Amino acid sequence: MTKFKNKRVIYLSPPQTLAFSFLVFIVLGTILLKLPIASTTYISWLDALFTATSAITVTGLVVVDTGVDFTVFGQVVIMILIQLGGLGLMTFAVLIVMVLGKKIGLHQRVLIQEALNQTSIGGLVRLVKILLIFTFTFEFLAFIILSLRWVPEYGLGYGMYTSLFHTISAFNNAGFSLWGDSLSGYVGDPIVNLTITFLFITGGIGFTVLADLWSKRRFRTLSLHTKLMLIGTLVINVVSMLLVFTLEYTNPATIGQLSLGDKIWASYFQAVTPRTAGFNTIEIGDMTTTSIFYLLMLMFIGAGSGSTGSGIKLTTFIVMILATLSFLKGKHETVVFHRTIKPHVILKALAIIVVSLIFIFLTIFTLTITENASFLMVVFETISAFGTVGLSMGLTGELSPIGKQIIILMMFIGRIGPLTLAFTLAKPKKSNIRYPEDEVFTG
């Protein structure tokens, strides 16, 4: 009996547990994708690792052709990884526990809180239930709609299969497609455009917002977070569509030669997809430099907190804009919709942006050494990986082995969140000691 007394119990904090769970499924996915039945051609361990990481982090960057180089088995593995990664591994753990009729303990609630980026553990189980209901309802409806569009074109079997694959990929903001040119073949198709964008906008707006809309339904009674997300999403999507339409209107390589109707559809799709969705209906590398620069900003901002997307999050961006405006106006508090944003929230938003920029800078610096590509392509690839977007100017398939490893790490960081990684590596400590204030000159 005494031989067990000296055993050390390794306790993982919630951020460490979250990061470790992703690592476990990345390894498992890599092994499955390396099996002979998973591919139609030889795929290296590194390419299998890259694909598994891209799927579980719902990025969509690919080094091999998903629809050609993987068998149906391999594609199903990718699809499962996307669903797991998009909704969160802890969400499915809760689903299994509920199915088994077990109680959700305090430790499990803390893990869910970390995974869904919530501020408290109250109402988490209810949020998970709503999340699952919304997910499977939206995916089922979208699957039916896309099947009605693609079954007549591809036949019953492949039509339904490709509808399911793109439905799961879209709702989880993954950007994986069974076609090498993504959705370029449907640039002017209203059904495909509206269905796919509805899926990734809904998935990217955040499950907290969906739960709030479900329970309150009146704008006046919605939480401040929901109001900021709804208005921010609408404004940024409309502005982005107008900018893309204007900047690309005469570009013959993108929408210049399309009809007016197709130009509008292409502009709309490409305006909303950079915020972590990753699909494209026009060639990204052929867009004007100005458009690409604007896409970089959209990819960096990303989707909503507690969503299937990544990036610094739209509310983080809005909070910093509001805080800056308050400072310029000489105000000591940041107020919006008659509500004051807590100083802690502003500091957290600042920390997220700073830590994110540090990771991005280091990645760009390293890739400029390892890769023989233009600086713009390197920057685009880096921010696309960080925001788990999946758009590329064509560099992904040309990455060196070291470059692939760097992008793998960046996708992982982007999905779990830069602060979660920082908390995983560090051990934050609270101190009750206060020191006298002093001046530091800035600006």
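Residues numbered from 1 in each chain as written. Predicted model: local features only at pLDDT ≥ 70, side-chain atom pairs only at ≥ 80, totals over all residues. Heavy atoms only, no water.

K.L.:
Now, about the overall build of the protein chain: what can you tell me, with residues and values included?
P.N.:
Within the protein chain one finds 18 helices and two strands. For the protein chain, the residues scored as buried account for 52% of the 443 residues in total. For the protein chain, the share of sequence-separated contacts (at least 6 apart) that also reach a separation of at least 24 residues comes to 69%. Surface exposure of the protein chain reaches about 22000 Å², of which carbon and sulfur atoms provide 68%. (Helix = DSSP H or I, 4+ residues; strand = E, 2+ residues; numbered from the N terminus. Buried < 20%, exposed > 50% of the residue type's maximum accessible area, 1.4 Å probe, protein only. Contact = heavy atoms within 4.5 Å. Areas by Shrake-Rupley, 256 points an atom, 1.4 Å probe, with all protein chains shown as cover.)

K.L.:
Now, about the side chain of Ser163: what can you tell me, with residues and values included?
P.N.:
Among the structural elements, Ser163 can be located in helix H8 (residues 156-171). Among the polar contacts made by the side chain of Ser163, one reaches the main-chain amide nitrogen of Ser147 at a distance of 3.2 Å. Looking at Ser163, its side chain comes within polar contact range of the main-chain oxygen of Gly159, at 2.6 Å. Residue contacts for Ser163: discarding those within four places in its chain leaves Phe143, Leu146, Ser147 and Trp150. (Polar contact = N/O pair within 3.5 Å; in protein donor to acceptor, adjacent residues only side chain to side chain.)

K.L.:
Tell me what's going on with helix H16 (residues 375-386), and back it up with residues and numbers.
P.N.:
Helix length check: H16 (12 residues) gives 17 Å between terminal C-alpha atoms against 16 Å at 1.5 Å per residue, within 8%. For H16, the buried fraction is high: nine of the 12 residues fall into the buried class. Within the span of H16, buried status applies to Val378, Val379, Phe380, Glu381, Thr382, Ile383, Ser384, Ala385 and Phe386. (Expected span 1.5 Å × (residues − 1).)

K.L.:
I'd like a description of helix H9 (residues 190-205), backed by residues and values.
P.N.:
Owing to its 3.6 residues per turn, the α-helix aligns residues three or four sequence positions apart on the same side. With 16 residues, H9 extends 22 Å from end C-alpha to end C-alpha; this agrees with the ideal 22 Å at 1.5 Å per step. Considered for burial, the residues of H9 that qualify are Val192, Asn193, Thr195, Ile196, Thr197, Leu199, Phe200, Thr202, Gly203, Gly204 and Ile205. Where H9 begins, one side-chain oxygen reaches toward the backbone nitrogen of Ile191, 3.0 Å away; that side chain belongs to Asp189. Remark: Gly206 follows H9 within two positions and exhibits a positive phi of approximately 105 degrees.

K.L.:
I'd love a proper account of the environment of Thr208, names of residues and values included.
P.N.:
Within the element layout of this structure, Thr208 appears in helix H10 (residues 207-215). The class for Thr208 is partly exposed, based on a relative accessible area of 22%. With 81 residues separating them in the primary sequence, Thr208 and Leu127 have C-alpha atoms 7.3 Å apart.

K.L.:
Quick one: what's the story with unusual backbone geometry, residue by residue and with numbers?
P.N.:
Its identity is not glycine, yet Lys313 carries a phi of approximately 90 degrees, on the positive side. Tracing the chain through its elements places Lys313 in the loop between helix H13 (289-301) and helix H14 (314-328). Unusually for a residue other than glycine, His338 sits at a positive phi of about 60 degrees. Positionally, His338 belongs in the loop between strand S1 (334-336) and strand S2 (339-341).

K.L.:
Quick one: what's the story with the packing of helix H2 (residues 45-56) against helix H17 (residues 401-416), residue by residue and with numbers?
P.N.:
In contact at an axis separation of 9 Å, H2 and H17 are set at 20 degrees when each is read in the N-to-C sense. Our classification of the angle between H2 and H17 gives roughly parallel. As for how H2 packs across H17, the hand of that crossing is left-handed. Across the interface between the two elements, Leu46, Asp47, Leu49, Phe50, Thr53, Ser54 and Ile56 from H2 touch Pro401, Lys404, Gln405, Ile407, Ile408, Met411 and Arg415 from H17. (Axes fitted to C-alpha atoms, helices over the stretch in contact; angles between N-to-C directions. Parallel < 35°, antiparallel > 145°, perpendicular 65-115°, else oblique. Left-handed = near helix turned anticlockwise from the far one by under 90°.)

K.L.:
With reference to specific residues and values, describe the pattern of salt bridges.
P.N.:
Tallied over the entire structure, the rule returns four salt bridges. Put simply, Arg149 and Glu153 hold a salt bridge, and the shortest N to O gap is 3.0 Å. Placement of the pair is Arg149 and Glu153 together in helix H7 (residues 124-154), with a separation of four residues, close to one helical turn. Classification of Arg149 as partly exposed rests on a relative accessible area of 23%. Here Glu153 falls in the partly exposed class, since its relative accessible area comes to 40%. Two residues, Lys216 and Asp212, come together in a salt bridge whose shortest N-O distance is 3.3 Å. (Salt bridge = Lys/Arg side-chain N within 4 Å of Asp/Glu carboxyl O.)

K.L.:
Tell me about the packing of aromatic side chains, residues and numbers included.
P.N.:
With the rule as written, the count across this model stands at 15 aromatic pairs. Ring geometry for Phe138 versus Phe171: centroids 6.4 Å apart, planes at 55 degrees, classification tilted. Of this pair, Phe138 sits in helix H7 while Phe171 sits in helix H8, and the two are 33 residues apart along the sequence. On the basis of relative accessibility, which here comes to 0%, the residue Phe171 falls in the buried class. Residues Phe245 and Tyr249 carry aromatic rings whose centres are separated by 5.2 Å and whose planes lie at 65 degrees to one another, so their mutual orientation is edge-to-face. Residue classification places Phe245 among the partly exposed residues on the basis of a relative accessible area of 24%. (Phe/Tyr/Trp six-rings, centres within 6.5 Å; stacked < 30°, edge-to-face > 60°.)

K.L.:
Run through the packing of helix H15 (residues 343-370) against H16, naming residues and quoting values.
P.N.:
For the pair H15 and H16, interaxial distance at closest approach is 9 Å and the crossing angle is 140 degrees. The angle between H15 and H16 places the two elements in the oblique class. Note that H15 runs across H16; the crossing there is right-handed. Of the residues in H16, those touching H15 at Ser356, Ile360, Thr363, Ile364, Leu367 and Thr368 are Phe375, Val378, Val379, Thr382, Ile383 and Phe386. Taken together, the residues of the contact of H15 with H16 sort by class into eight nonpolar, four polar and no charged. (Nonpolar A, V, L, I, M, F, W, Y, C, P; charged D, E, K, R; others polar.)

K.L.:
Break down the side chain of Thr53 for me, with residues and values.
P.N.:
With respect to the element layout, Thr53 can be found in helix H2. Judged by its relative accessible area of 1%, Thr53 falls in the buried class. Ignoring anything within four residues of it in the chain, the contact list for Thr53 reads Ile26, Ile408 and Met411.

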